[in-house]
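Observations on the three-dimensional arrangement
Given next are the chains, with one letter for each unit.
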Amino acid sequence: MTELKWSTPEALRTLLCEVVSWKSMTLSDGEREFPFKVQAKLQDIPYFQDHYKNIELSEADLGRKFLTALYKHPEAKETIVLISHFDTVNTEEYGDLEALAFEPEMLTKALHDVKEELPEDARLDLESGNYLFGRGTMDMKMGLVLHMSLIEKACHEQWPVNLLLLTVPDEEVNSSGMRAAVSKLIEYREQHDLTYKLFLNSEPVFAQQPGDDKYYLYSGSIGKIMPSALFYGMETHVGEPLSGITANYIASFLTQRMEYNPIFQETVLGEKTPLPVTIQQKDLKMEYSAQTPYRAKALYNVFLMKRNAAEIMSIFEGVANEAAYECNASYQAICTREDVAPVGEIRVLKYEELMNHAVSKFGYDYVELVKTTVRDHQELDDREKSFRIVDTLMIQCQELAPAIVLLFAPPYYPAVNTSDDPLVEECMEFIKELGKSEFNLAIEQIHYFNGISDLSYVNYEDTNGGWQVFEANTPVWGDTYSIPFNEMRNLKAPVLNVGPFGKDAHKRTERLHIQSAFVELPQLLENLVKKVLLEKIEA
Ligand SMILES: [Zn+2]
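Quick look at the structure, then. Just so you know, these numbers come straight off a predicted model, no measurement behind them. (Residues numbered from 1 in each chain as written. Predicted model: local features only at pLDDT ≥ 70, side-chain atom pairs only at ≥ 80, totals over all residues. Heavy atoms only, no water.)

1. Describing the overall build of the chain
Spelled out, the test is: In this description a helix means any DSSP run of H or I spanning at least four residues, a strand means any run of E spanning at least two, and both kinds are numbered starting from the N terminus. Using C-alpha atoms as the atom set, the radius of gyration is obtained and then compared with a globule rule of 2.2 Å times the number of residues to the power 0.38. Think of it in three bands: with a 1.4 Å probe and only protein chains considered, a residue is buried below 20% of the maximum accessible area for its type, exposed above 50%, and partly exposed in between. Only the protein chains shown count as cover for residues, with accessible areas throughout obtained via the Shrake-Rupley method and a probe of 1.4 Å.
For the chain, the helix and strand inventory stands at 16 helices and 21 strands. By the compact-globule yardstick of 24 Å for 539 residues, the chain fits well, its C-alpha radius of gyration being 25 Å. Along the three orthogonal principal directions, the C-alpha set of the chain runs to about 90 × 55 × 40 Å. In the chain, which comprises 539 residues, the proportion classed as buried is 57%. Per element, the accessible surface of the chain, about 22,000 Å² overall, is 49% carbon and sulfur.

As structure tokens, this is what we get:
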């Protein structure tokens with residue numbers, strides 16, 4: 001009789017279903033309660049009864065906490081950090097079945113009754129019996145469950161290595177959990193005299209294109225940033241349209257040039273970033289009226305591999321200058337045709353230039369007051385706050401209008417990649433071979449995890465001050481949003497993502513591959529730690 005509670009496929013499946021049933025959608029009460037439940041579970045492990053202080057809950061933001069659990073071998077310094085997030089996206093898309101979204105066994109059964117409504121690949125997977133459906137099964141509560149079972153085993157068998165389990169909230173929105181955890185990781189390293197050898201995340205495998213069902217390992221994580229713009233035109237009555245200029249007219253020129261623009265696409269190690277798209281574009285008119293909309297905003301999503309924020313801003317500025325040039329020319333032609341005088345020339349300026357202008361006009365204290373007033377609006381998220389700040393400053397600085405103000409809206413996930421790290425190379429080789437021999441799996445390596453992950457906040461590298469440009473052009477920087485770049489630079493260790501196979505994250509057909517999750521991954525991860533990391537460390 002084994003004393004381990006989470007070591008068989010059945011036990012793992014039961015634990016997963018329990019953990020999934022603890023609803024934890026980002027920004028919900030469930031997300032706040034979740035880490036306490038994990039804490040209670042981990043406290044059942046005898047090691048943590050003797051070392052109860054090794055499990056800690058620390059503050060992220062908005063009353064949310066992240067959990068750390070350290071298994072420390074008395075003689076070991078070498079430490080593997082096991083990273084997961086416990087928040088999930090919402091569940092409206094489940095419709096009538098929403099009540100079962102967090103009950104994988106029941107949901108999987110219930111889906112059989114409506115299987116004709118499912119997309120064909122999901123229906124076939126359902127009929128195969130190989131998948132467990134449910135919100136968070138794949139993304140990524142199974143990853144957390146695998147880490148819990150790994151630490152349980154390490155404690156029980158007294159592996160001569162340290163494991164630090166870290167599970168965080170808010171990955172799906174702003175990653176406030178992971179950004180807060182960075183300083184905790186540094187504090188822990190000093191306090192317990194640890195050496196971080198590897199940051200191991202277990203996000204699930206994401207398809208590279210629709211229909212792709214290969215199993216991947218990841219030695220990095222793609223970056224994501226949101227260059228954004230506030231368009232400030234000039235108001236007028238619809239009856240006299242050319243007495244002003246609408247923000248939507250100006251915006252259309254930039255959006256046309258941003259969407260799918262290959263200048264933002266990077267190709268690194270044979271992998272390409274997805275093209276940029278608009279995430280949101282709207283004018284800032286609150287209600288219908290006969291006044292023309294003279295302020296608008298647009299947020300663009302850009303993926304990164306090698307580039308940093310400074311490089312993106314410089315490309316963005318170039319594109320915006322072209323857009324303004326075209327817009328001015330087109331507007332001039334209209335004014336000539338209609339025989340009216342233009343209201344002005346559209347200029348492009350960065351948020352930091354607007355700031356400097358406002359500071360010299362009104363003084364530093366006034367600008368700070370604008371920011372703190374906006375910050376106190378609890379109902380606004382970081383993106384809305386960013387635009388509110390820029391908008392308020394522009395209203396006070398209309399001598400700059402018409403204008404396109406360029407800024408960054410949170411969140412920013414820097415790209416990370418450690419494909420050429422010798423330890424990562426060894427891990428890759430080992431898992432590929434073991435997967436092949438044990439499970440006949442053809443495993444492939446991907447250099448940048450394409451699902452966006454918290455690995456972005458460790459092992460930060462920046463050679464040319466890219467982050468100062470981010471700080472200077474992010475209106476909410478230092479108030480409600482910040483990234484601990486300096487500390488992230490200080491967390492130098494390779495990154496790896498090894499997680500279970502699943503499909504359709506963030507869709508109502510989210511599902512986890514049963515054999516991969518409960519049979520293959522537990523063995524792959526355990527052997528990875530024991531055979532590669534332990535041997536390497538002991539050698
Ligand atoms: Zn995830």
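2. Re the packing of helix H10 (residues 351-362) against helix H12 (residues 382-396)
Heads up, the rule is: Only the stretch in contact is used when fitting a helix axis, every axis being a line fitted to C-alpha atoms; angles between N-to-C directions are given from 0 to 180 degrees. Orientation labels follow simple angle bins: below 35 degrees gives roughly parallel, above 145 gives roughly antiparallel, 65 to 115 gives roughly perpendicular, and whatever is left gives oblique. By convention the crossing between two helices is left-handed if the near helix lies anticlockwise of the far one by an angle smaller than a right angle, and right-handed if it lies clockwise. Note on contacts: a residue pair is in contact if any heavy atoms of the two residues lie within 4.5 Å. Side-chain classes follow a simple rule in which Ala, Val, Leu, Ile, Met, Phe, Trp, Tyr, Cys and Pro form the nonpolar group, Asp, Glu, Lys and Arg form the charged group, and the remainder, Gly included, forms the polar group.
Axis separation between H10 and H12 bottoms out at 10 Å; the angle between their running directions is 50 degrees. Taken together, H10 and H12 sit at an angle that is classed as oblique. Taken as a pair, H10 and H12 cross one another with a handedness that is left-handed. For the pair H10 and H12, the contacting residues are Tyr 351, Leu 354, Met 355, Ala 358, Lys 361 and Phe 362 in the first and Ile 389, Val 390, Leu 393, Met 394 and Gln 396 in the second. Tallied by class, residues from the contact of H10 with H12 come to 9 nonpolar, 1 polar and 1 charged.

3. Examining the coordination of the zinc ion
Applicable threshold: For Na, K and Ca the donor cutoff is 3.2 Å, while for all other metals N, O and S atoms must lie within 2.8 Å; water is not among the atoms, so some sites may look incomplete.
Around the zinc ion, the protein contributes the donor atoms His 85 (NE2), Asp 139 (OD) and Glu 203 (OE), which lie 1.9 to 2.3 Å from the metal centre. Mapped onto the sequence, the donors of the zinc ion take the spacing H-x53-D-x63-E. Taken as a pair, Asp 139 in helix H6 (residues 137-157) and Glu 203 in the loop between strand E6 (195-201) and strand E7 (215-218) lie far apart in primary sequence, 64 residues in all. Each member of the pair Asp 139 and Glu 203 is classed as buried.

4. Thoughts on the pattern of salt bridges
Which entries qualify depends on this criterion: Only one rule defines a salt bridge in this text: a Lys or Arg side-chain nitrogen within 4 Å of an Asp or Glu carboxyl oxygen.
Scanning the model with the defined rule gives 33 salt bridges in all. Close ionic contact of Lys 184 with Glu 56 constitutes a salt bridge, the shortest N to O distance being 2.8 Å. With Lys 184 in helix H7 (residues 176-192) and Glu 56 in strand E1 (residues 55-59), this pair connects stretches of sequence that are 128 residues apart. The class of Lys 184 is buried, set by a relative accessible area of 9%. The exposure class of Glu 56 is partly exposed, given its relative accessible area of 22%. Residues Glu 399 and Lys 361 are paired through a salt bridge, measuring 2.9 Å at the closest nitrogen-oxygen approach. Taken together, the residues Glu 399 in the loop between H12 and strand E16 (403-408) and Lys 361 in helix H10 connect sequence positions 38 residues apart. Its relative accessible area of 40% is what places Glu 399 among the partly exposed residues. Each of Asp 121, Asp 125, Lys 503, Asp 504 and Arg 511 takes part in a single network of salt bridges with overlapping partners.

5. Regarding the nonpolar core
For clarity, the threshold we go by: We call a set of buried residues a nonpolar core when its members are Ala, Val, Leu, Ile, Met, Phe, Trp, Tyr or Cys and they connect through side-chain atoms within 4.5 Å of each other.
Grouped together as the largest cluster of nonpolar side chains are 100 residues, with contacts concentrated most on Tyr 196, Phe 199, Phe 231, Leu 254, Ile 404, Tyr 412 and Phe 470. Leave out the neighbours within four places in its chain, and Ile 404 touches Ala 229, Leu 230, Phe 231, Ile 250, Leu 254, Ala 320, Ala 324, Ile 346, Arg 347, Val 348 and Leu 349. Counting residues in each nonpolar core, the second largest holds 84 residues, with Leu 42, Val 145, Phe 206 and Val 498 among its members.

6. Things to note about empty space enclosed by the protein
Rules: A pocket here means an open set of points on a 1 Å grid, computed over the protein atoms alone, that has protein on both sides within 12 Å along at least five of seven lines. A cavity is instead a set of points where a 1.4 Å probe fits but cannot get out; residues with an atom within 4 Å of a point line either one. Grid points are joined across faces, edges and corners, and a volume is the space filled by probe spheres set on the points.
Under the counting rule described, the total for this entry stands at 1 cavity of 30 Å³ or more. Considered as a void within the structure, the largest cavity measures approximately 30 Å³ in volume. Lining the largest cavity are Lys 371, Arg 375, Lys 385, Ile 389, Val 476, Asp 479 and Thr 480. Counting residues per element, the ones that place at least two in the lining of the largest cavity are helix H11 (364-375) and H12. Of the residues in the lining of the largest cavity, the class split is 2 nonpolar, 1 polar and 4 charged.

7. Regarding the sheet that holds strand E21 (residues 511-513)
Condition: Should DSSP find at least two bridges between two strands, the strands are taken to pair.
The strand order across the open sheet built from 3 strands is E4-E21-E20, with neighbouring strands paired in antiparallel fashion. On the outer flanks of this sheet lie strand E4 (131-133) and strand E20 (502-503), each paired with one strand and no other. Pairing of E4 with E21 involves 3 bridges; the strand directions are antiparallel. Note that in E21 the partner of Phe 133 across the bridge is Arg 511. Sitting on the sheet, H6 touches E4, E20 and E21, and the angle it makes with E21 is about 50 degrees.

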